[in-house]
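# Analysis of the macromolecular model
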Amino acid sequence: MAGFRSLLVLLLVFQSSCLGFRSPLSVFKRFKETTRSFSNECLGTTRPVIPVDSSDFALDIRMPGVTPKQSDTYFCMSVRLPMDEEAFVIDFKPHASMDTVHHMLLFGCNMPASTENYWFCDEGTCTDKANILYAWARNAPPTRLPKGVGFRVGGETGSKYFVLQVHYGDISAFRDNHKDCSGVSLHLTRLPQPLIAGMYLMMSVDTVIPAGEKVVNSDISCHYKKYPMHVFAYRVHTHHLGKVVSGYRVRNGQWTLIGHQSPQLPQAFYPVEHPVDVSFGDILAARCVFTGEGRTEATHIGGTSSDEMCNLYIMYYMEAKHAVSFMTCTQNIAPDLFRTIPPEANIPIPVKSDMVMMHGHHKETVNKDKTSILQQPKREEVLEQGDFYSLLSKLLGEREDVVHVHKYNPTEKAESESDLVAEIANVVQKKDLGQSDARESAEHERDNALLVRDRIHKFHRLASTLRPAESRVLSLQQPLPGEGTWEPEHTGDFHVEEALDWPGVYLLPGQVSGMALDPTNNLVIFHRGNHVWDGNSFDSKFIYQQRGLGPIEEDTILVIDPNNAAVLQSSGKNLFYLPHGLSIDKDGNYWVTDVALHQVFKLNANNEEAPLLILGKSMQPGSDQNHFCQPTDVAVDPDTGTIYVSDGYCNSRIVQFSPSGKFITQWGEESTESNPKPGQFSVPHSLALVPHLGQLCVADRENGRIQCFKTDTKEFVREIKHASFGRNVFAISYIPGLLFAVNGKPYFEDQEPVQGFVMNFSNGEIIDVFKPVRKHFDMPHDITASEDGTVYVGDAHTNTVWKFTSTEKMEHRSVKKAGIEVQEIKDSEHKLEGSSGRVLGRLRGKGSGGLNLGNFFASRKGYSRKGFDRLSTEGSDQEKDDDGSESEEEYSAPLPIPAPSS
């Protein structure tokens, strides 16, 4: 009997410790079907790897028992793939509750930001590029991948680590100090999958929701330039001001729905109702509809409970041989497209009060009988599209804040006001006529575009007469008496307009960061290919975080025919990570900056050999004589060969080198006050040399001004600052007598639009402002001009290059300087043709009369790098935070605060 008992005990022990004797399939079924709640306690440590069969296994990724101490805490942890060979994730199962977790994100990468058991995500997610694999929020059901589809991990190209990010919004559930083990379980297989899954994230980074505003639309759109992808699921995400999020594929003007959902419902990955394929040349478009009602101050994009988000996750699959695992869109390259968005995008989806949940960002109604502020009306209603001014702005094809200018002083200058009203009626009438005429022929369409452009230009001039005097104040410090040489002064009417027959607007390279003209008057473009400057690009010490992507594999320098926009030559592949400024010296050499490498390069335009000169240390930011920190532009004196570098985003200085690259001197300091002093900079962003005057002018971007200095003594000469610049000046270009500039996006409630400026260099006065007719300026990042009046502008958000020509009625007369008068020479009215290919000077930098040099990328305002926002924002340069806001391209706000003593 005793022997029998001993045998029974052995059998029980053996059975309890040898689950591996069960069928592998039954083990995985148990793994899939067993639901355990981790909202209040951790039930012990489970095996992270669970065998399923000879080819499949499950991987459990959980927080290791954490207790957040404050709301809006982001914790990260990592798990290494338990194999080196390639595998495929084919299923997900979340383990989390809305009572404790706001959302979870799962990333794949090759090296996590920390080796600790868990860490604060503010320290980073991964040291290389982080590819999002999965997202969950609000008690969402599991995501199911179609048969034959998997996320590729491991092997030579796949991720080696999984990094889990958990956002704990409201921590009231942790008053008992319990441990949380939220996470996700993965089902992986070693069997190759014919179709590879990926994630396309559409995300707004610069939306501002005014307090009390009933309806605010946030629109996102990008051209698709990859192999075909097949969309099978989507997920929407906002905080509690979001009412509805919609996503579409737009092909030949036709809108096809990808997904349409209320962000107040469980934020799962929902299957698309009908399969949607996206091909090269399509446009992906998304709209988030917000309300600012109930808020007492403006709401910005960010990661905290008082901020908002506008995200659309598109889950897709591609053929394995062409697969791309992660793509982002954080721009709006086609704002006019949204005029024809289907009405459903503006219709809230009814949400029952018991579906609205409580966590850090969303508050649940305690009494179900009470009406929730988030509850949508039961009847469908189309949200208002705005008042008369926004309607007028659509008819004009202009920004609403431009249309509002006539409200500055409605009682002043009644005659001009009546002219303005008549002109508005004219524009509306011509627009209506233009729509019908456009159907008749392409030639009529172009004629109508010209007509509309002329009408809009006249409208701007009429509107400007109604601005109060203080809006036209010029801040200009003139040269000291007795200084200077002769500078041609331009008077009269100088009008810049888009060359509507130039096809270069459709080139669509990557983010356009720099432009210049070569000695034969060809346009040279410096762009970023498939790389973007986003929230993952740099850490707090300005060290580039996406080195694992490798250099850009396509040609980043394009030589463009100024007449027909044909690509004449290309170069620069496998050299750069984040291109920035471009200029060209008198010998035709290219001078470029790379903000990821923190370096300046001199390149021979005619061959692919090694750079002729390199300044700075690769991937090493610094502020001494041998280092730069995100340098922005270069200028080379045509007479002496002296090199000037604007440095840059994290330094506030101009650095001078000899022609051979030997450090000579530097000047400038960071501006810390609202009224910066001469010689202080907040992002010196663009350079323009004026050789015959011995001056170097700097676009002091975040201070919204232009500063000019003597090149020999570095002495401050003058400041050019206009109210119409707004808060930013991004780029400048000089030709004899004229200075050209472009500004940046206005801040909330600012009135000044994004536009180009033509100024009389002698006195700094604005002669003309200009905008394109086709598309619009979103972030005009660089400008270059030639002596024949041709101007080119490159935009880093819309990836577009425009050509402008000038019609000029003017006098050229000398300015009396140093007590010497020069005879006046008057020219009759004439058209300056922009198609001339002749050499108009011995220099072709940004301006042909003196070497004016490259400009570079920009920032989006109102963007926070905290937690979730660090993951991927498109587009623009990651330069600043609300709390201390990249891009991909790409904000206008303060710089991120560098780590102390780093």
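Shown above is the structure to which this text applies.
In this text, all values refer to a predicted model and were calculated from it rather than measured experimentally.

## With respect to unusual backbone geometry
Here the residue pair Asp647 and Gly648 is connected by a cis peptide bond, since its omega of -10 degrees sits within 30 degrees of zero. Among the structural elements, Gly648 can be located in the loop between strand S33 (643-647) and strand S34 (653-657). Even without being glycine, His598 reaches a positive phi, approximately 60 degrees. Although it is not a glycine, Lys775 sits at a positive phi angle of roughly 60 degrees. Within the secondary structure, Lys775 sits in the loop between strand S45 (766-770) and strand S46 (780-785). Overall, the relative accessible area of 23% leaves Lys775 in the partly exposed class.

## Considerations on the state of the cysteines
All told, the structure shown has 6 disulfides when counted by the stated rule. One disulfide bridge connects Cys109 with Cys126, the sulfur atoms lying 2.2 Å from each other. Here Cys109 and Cys126 share a disulfide; its torsion about the S-S bond, -75 degrees, makes the bridge left-handed. With a gap of 17 residues between them, Cys109 in strand S5 (residues 103-109) and Cys126 in the loop between strand S6 (119-120) and strand S7 (131-137) connect regions that are remote in the sequence. Each member of the pair, Cys109 together with Cys126, is buried. Covalent S-S linkage joins Cys222 and Cys329, the inter-sulfur distance amounting to 2.1 Å. Taking the sign of the S-S torsion, 90 degrees for the link of Cys222 and Cys329, the bridge is right-handed. With a gap of 107 residues between them, Cys222 in strand S13 (residues 216-223) and Cys329 in strand S21 (residues 326-329) connect regions that are remote in the sequence.

## Observations regarding the sheet that holds strand S32 (residues 631-636)
Read from one edge of the open sheet, 4 strands run S32-S33-S34-S35, paired in antiparallel fashion. Among the strands making up the open sheet, the edge pair consists of S32 and strand S35 (663-667). Strand after strand, the sheet turns through a mean of 20 degrees between neighbouring axes, direction not considered. Two elements, S34 and S35, share 4 bridges in a ladder whose sense is antiparallel. Of the residues in S35, the one forming a bridge with Gln656 is Thr665.

## Overview of the sheet that holds strand S18 (residues 283-290)
Pairing is antiparallel in the open sheet, where 4 strands are placed in the order S13-S18-S15-S16. Each edge of the open sheet carries a strand with a single partner, namely S13 and strand S16 (254-261). In this sheet, adjacent strand axes meet at a mean angle of 20 degrees when their direction is disregarded.

## Observations regarding empty space enclosed by the protein
If you roll a probe as big as a water molecule over the atoms, it shows you where there is empty space left. Considered as a void within the structure, the largest cavity measures approximately 90 Å³ in volume. As for the largest cavity, its lining consists of 11 residues, of which Ser571, Leu575, Leu603, Asn604 and Asn607 are closest to the centre. Split by residue class, the lining of the largest cavity holds 5 nonpolar, 4 polar and 2 charged.

## A short note on the nonpolar core
In this structure, Ile61, Phe162, Leu186 and Leu188 are the most contacted members of the largest nonpolar core, which totals 55 residues. Apart from the residues within four sequence positions on either side, Leu188 is in contact with Ser55, Asp56, Phe57, Leu59, Leu81, Ala87, Phe88, Val89, Val153 and Phe162. In terms of nonpolar packing, the next biggest core, distinct from the first, is built from 28 residues, Tyr200, Ile209, Val236 and Cys288 among them.

Rules of the game
- Residues numbered from 1 in each chain as written.
- Predicted model: local features only at pLDDT ≥ 70, side-chain atom pairs only at ≥ 80, totals over all residues.
- Heavy atoms only, no water.
- Helix = DSSP H or I, 4+ residues; strand = E, 2+ residues; numbered from the N terminus.
- Buried < 20%, exposed > 50% of the residue type's maximum accessible area, 1.4 Å probe, protein only.
- Disulfide = S-S within 2.5 Å.
- Pairing = 2+ DSSP bridges.
- Axes fitted to C-alpha atoms, helices over the stretch in contact; angles between N-to-C directions.
- 1 Å grid on protein atoms, 1.4 Å probe; cavity = no way out; pocket = protein on both sides within 12 Å on 5 of 7 lines; lining within 4 Å.
- Points joined across faces, edges and corners; volume = space filled by probe spheres on them.
- Nonpolar A, V, L, I, M, F, W, Y, C, P; charged D, E, K, R; others polar.
- Core = buried A, V, L, I, M, F, W, Y, C linked by side-chain atoms within 4.5 Å.
- Contact = heavy atoms within 4.5 Å.

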